Amino acid sequence: MAGAAVRLEDISVVFNPGTPNETLALDGINLEIKPGEVVVILGGNGSGKSTLLKVIAGIIRPSKGKVFIDGRDVTKEKDYILAKNISFVYQDPLLGTCPSLTLFENMTLAGKRKWWLPFPYPLMIGRAQQEALESTGLGLGNRLPVPLTSFSGGQRQAIAIGLAFSRDTRLVLLDEFTASLDEHTSRRVANAALDRASGIGSTAAIIMHNLELAKSLNKRNIYLELGLVVNDSGTE
Amino acid sequence: MSWAVLSSAMQQGFLYALAIYGIAISFRMLNFPDITVDGSFTLGAAVYAVSLVNGRDPWLALLSAGLAGFVAGTGTVVLNRKLGISKLLSGILAMMILYSVNLRVMGQANISLLTTPSVLARLEALGINSPAYLLGLFVVPAAALFLLSYMAMTHLGLFMRATGDNEFMVRGLGVNTDWPVFFGLGLSNMLVAFCGALVAQSQGFADVNMGLGLIITGLAALIIGETVIEGLAVVRRRVVGRRGWNRWSLLPWDTFKQLGAALLGGLFYFLIIGICLRLGLAPTDLKLGTGALVIIGVALRFRRADVETYARARW
C-alpha cells in the first residue's frame, strides 16, 4: 500500500469571520507531503497545528485555498468520506474512542466490515486489531470485555492509537498523541507509531510539543507560528 | 394484591413494552432525546383505526401503523440532520406537527374499534385476564426483545450504539452517521406506533390525545426497570462473585440489560400504578404520580453518584 500524497495550496482558515472574535488560524499555507513521508509539525499554542491537520482531514473547511490528496481536490469532500483513507488520533483520547463501549466493541468498530450488515459480528477481534493492542505493550488483550470508562487516560490514548493504526489507512494524522502518556511510554509509542507507519507505507503528519522527542525521530520538521510556516527542514 | 391488579399490570406492561423499547433505543442507544414518540404513538393508533374502519385486514392495518411510525421518526432525523435543528426541538416540532397530522388522519378526535375486526381477536377468545391470554400477549414483547437483542449483536446495532456514544469517532472511521440515526429513530418510532395500535385495539378506541405524556411514562418505566436490573446485578455479584471472562462476555450485555429493563420496568410501572389506584389515587392524578416517579428515580441516581464521587474524592 502506497501512502497518500498531500498538497495544500494557499490555505487560510478564519474562525468567527466578521465578528469581534475573528481569528486567523492559518494564513496562506503552502505545503507538500510526499507519499510515505513522515513529517513532524511543531509550534507553540495557537500556532495553527491542529487546525492544519483538521483541514487535511476535512473536519474544518478552509476559508481560502485548496487541499489535494493524490492530486485530487478534496477541499469540499465530506469528512467521513475522507476518513475512509485517513486515521486521525486526537490529543484527547475521549474523542478517538467510544467510552461507554467495551474495548472489544471499540476494536470491532475499526475492523474492515460494513456497518449496515445485519449479521452478528464475530466474538473475536481481527488480526490487525490484535496486533495493534499487543503493540501497546500494556496487556490490553486481557481486558476486552471492559468498558473504556474503566481505563486510565493514557491507556485510552494507547487504545486510540492502536485503533488508528489497525485500520491500515494511507494517511495517518496524529495530533499531540503522546501528550497524555509518560515520558518513557510516549517515546516507545511514538517509535512504534513510526515503525508501523513506515511498515504499512502510510504518509504521516505528527504534531508534537516535545522538541527533544521530535528531533530524536530524525524526520522532516515543520515549524508553525501564528498560522504561518516559519521553518521547514525539508524533505527526507 | 388481587389477580385483577396483577393481570391488568401485566397486560399493560406487555403492550407498552414495545414503546419502552423504542424509548430505550432513542434515549439510551442513540443518545437522542426524541419526544416524537408522543405523536407517533397516536399516529400508530390513528392509522390502525382508520385502516380498520375502512375495511382493511387488521394485520395490514398494524403494518401500516408501524410504517407510519417509521416515517415519523425519520422525519425528526431530517429536521435534526438536514435542517440543523437541535435534537430536542426537532422532537418537539415533530410531536406538534403530528398532532395535526393525527387529527387529519382520523378525521375526528375519537374512533371506536368495538365493532371492527381485531389483531387480538384470537387471544381475546381465550378470555381476557386468563393466564393463556397473558401468555399469548407476552409473545409480543418477548419476540421484540429477541429481535432487538439480535440487532444489538450485529454491525448495524454496534454502529448505532457507537454513534450514540461518540459520533465523532464513528465519522472518523468513515461512516456517515446520519444513517444509523435515521434507521434507529425510525425503528424506535415504529415500535412506538405498533404499541399505539395495539393499545388502541386493547382499549377499544383510538383517541387523538392518547399519546400525551407517553415519553414520561416510558422514561419512568425505563428508570424503574434499570434500577431493578442494577439491583439484580449487585445480588448476582454477591452470590456468584467476580469471575474471569470468556467469549460470551464479549456479547453486548449492557444493551441486553437495557432491553430487559424496558420489559421489567413496564411491568413494575403498571403494577405500581395499579396498586396506587387501588389505594385510592384519583386517575386524574396519574400524570402527577408518574412525574414524581421519574423525579425520585433520577434524584436517587444523582444522590448515589454524588456520594460515590465524594467517596472517591476523599479516598
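Source: prediction; values computed, not measured.

Visitor: Go over the interface of chain B and chain A with me, naming the residues and quoting the values.
Guide: Frequently, the measure chosen for interface size is the accessible area that the parts lose on association. In this complex, chain B contributes 22 residues to the contact, which on the side of chain A involves 29 residues. Going through the elements one at a time, helix 7 (155–165) and helix 8 (167–172) of chain B are the ones with two or more residues in the side of chain B that touches chain A. If one sorts the elements of the side of chain B that touches chain A by residue count, helix 7 of chain B sits on top with seven residues. Taken together, the residues that form the side of chain B that touches chain A break down as 11 nonpolar, seven polar and four charged.

Visitor: Give a detailed account of the sheet that holds strand 2 (residues 23–33) of chain A, specifying residues and quantitative values.
Guide: Residue and element names in this part refer to chain A. Strands sit in the order 2-1-4-5 across an open sheet of four strands; the sheet is antiparallel. At either margin of the open sheet sits one strand with a lone partner, and together these are strand 2 and strand 5 (72–73). Note: strand 4 (residues 64–69) against strand 5, two bridges, orientation antiparallel. Across the sheet, residue isoleucine 69 finds its bridge partner in strand 5, namely arginine 72.

Visitor: If you had to explain helix 1 (residues 49–57) of chain A to someone new, which residues and values would you point to?
Guide: Residue and element names in this part refer to chain A. Among the nine residues of helix 1, nine are classified as buried, and the element is accordingly described as predominantly covered. Restricting attention to buried positions, one finds in helix 1 the residues Lys49, Ser50, Thr51, Leu52, Leu53, Lys54, Val55, Ile56 and Ala57. Glycine 58 sits one or two positions beyond helix 1 and adopts a positive phi of about 80°.

Visitor: Summarise the packing of helix 3 (residues 58–82) of chain B against helix 4 (residues 87–106) of chain B; cite the residues concerned and give the values.
Guide: Residues and elements named next belong to chain B. Packing of helix 3 against helix 4 brings their axes to within 9 Å, and their N-to-C directions diverge by 135°. As summarised for this structure, helix 3 and helix 4 are arranged oblique, according to the angle between their axes. The element helix 3 and its partner helix 4 pack so that their crossing is right-handed. On helix 4, the residues that touch Ala72, Gly75, Thr76, Leu79 and Asn80 of helix 3 are Lys87, Ser90, Gly91, Leu93, Ala94 and Leu98.

Criteria and cut-off values
- Residues numbered from 1 in each chain as written.
- Chains lettered and ligands numbered in written order.
- Predicted model: local features only at pLDDT ≥ 70, side-chain atom pairs only at ≥ 80, totals over all residues.
- Contact = placed C-beta atoms within 7 Å.
- Helix = DSSP H or I, 4+ residues; strand = E, 2+ residues; numbered from the N terminus.
- Nonpolar A, V, L, I, M, F, W, Y, C, P; charged D, E, K, R; others polar.
- Pairing = 2+ DSSP bridges.
- Buried ≥ 20, exposed ≤ 12 C-beta atoms within 10 Å, placed from the backbone.
- Axes fitted to C-alpha atoms, helices over the stretch in contact; angles between N-to-C directions.
- Parallel < 35°, antiparallel > 145°, perpendicular 65-115°, else oblique.
- Left-handed = near helix turned anticlockwise from the far one by under 90°.

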